[in-house]
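Descriptive structure summary
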Amino acid sequence: TEIVQKFRESMVIVAGDLMLDYYIRGQQSDLLSHEDFKIYARNPAETYSPGGAANVFTNIQDLDGTAYLCGVTGRDHWGDVLYLALQDKLIERGPTVRTFDELKGVKVIGDRKTTRKMRIYIGDYDPIRLDREDYHEVKEEHIQKIIGGFNFKYDKPRALIFSDYNKGFLNPASARLFRKYCDDN
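Residues numbered from 1 in each chain as written. Predicted model: local features only at pLDDT ≥ 70, side-chain atom pairs only at ≥ 80, totals over all residues. Heavy atoms only, no water.

Observations concerning the sheet that holds strand β8 (residues 115–122)
Basically, it comes down to this: Any two strands with at least two DSSP-identified bridges between them are counted as paired. Each helix is a run of DSSP H or I of at least 4 residues and each strand a run of E of at least 2, with the numbering of both proceeding from the N terminus. Axis definition: a line fitted to C-alpha atoms, limited for helices to the stretch in contact. Angles are taken between N-to-C directions and run from 0 to 180 degrees. Throughout, a residue-residue contact means that at least one pair of heavy atoms, one from each residue, lies within 4.5 Å.
Sheet architecture is open: four strands sit in the order β5-β2-β8-β9, paired in mixed fashion. The open sheet has two edge strands, β5 (45–52) and β9 (128–132), and neither has a second partner. Each adjacent strand pair in this sheet contributes to an overall mean axis angle of 20 degrees, direction not counted. Here β8 pairs with β9 via five bridges, running antiparallel. Paired with methionine 118 across the two strands is leucine 130, which belongs to β9. Along the sheet face, helix α2 (residues 53–62) touches β2 (18–26) and β5 and points at about 90 degrees away from the line of β5.

Some remarks on the packing of α2 against helix α3 (residues 77–91)
The cut-off we apply is this: An angle counts as roughly parallel when it lies under 35 degrees, as roughly antiparallel when it exceeds 145, as roughly perpendicular when it falls between 65 and 115, and as oblique in every other case. Here the nonpolar group is Ala, Val, Leu, Ile, Met, Phe, Trp, Tyr, Cys and Pro; Asp, Glu, Lys and Arg are the charged ones; every other residue, Gly included, is treated as polar.
It is at 10 Å that the axes of α2 and α3 come closest, and there the two elements cross at 10 degrees. Relative to α3, α2 is oriented roughly parallel. Note on element contacts: α3 touches α2 through Leu82, Leu86, Lys89 and Leu90, opposite Ala54, Phe57, Thr58, Gln61 and Asp62. For the contact of α2 with α3, a count of residues per class yields five nonpolar, two polar and two charged.

Right, dumping it as structure tokens:
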């Protein structure tokens, strides 16, 4: 319990690859043909949740910890959906006036795709997974802007968690810049 209490009192930076987990779940319907394709499910349920480093961030929030998220999304629909899902997770924490400072380390990059992991579940069939992602390294200038934007009003971070899924956010330049930030602070 002492470890959990210290965790709750400490600010953590979570830096890494941000993803959107996208789920489609449907019940198997009678197999119908429509023109050139088959319909396996009608009116499936669609849900979204933060994945990758964004999931680590929300898990810390769920444990009443304080975290600051650092990562990148694309300038696309899925980046907007991920950002809204993160805001929703913060709002779920309670009736606090939100400025979403915890998300100021999330930057949008115009030439990048937001990583989306789509899973399709139909009845008892094995799920289908479709991934949409970029692998190229995030440029040093973007990482510098994220770190340069740190403005911790009340408590300085006591820990840094790297959440790497080999999508380009964590690379030699970003590791060096985050290490320098930690050494200087």
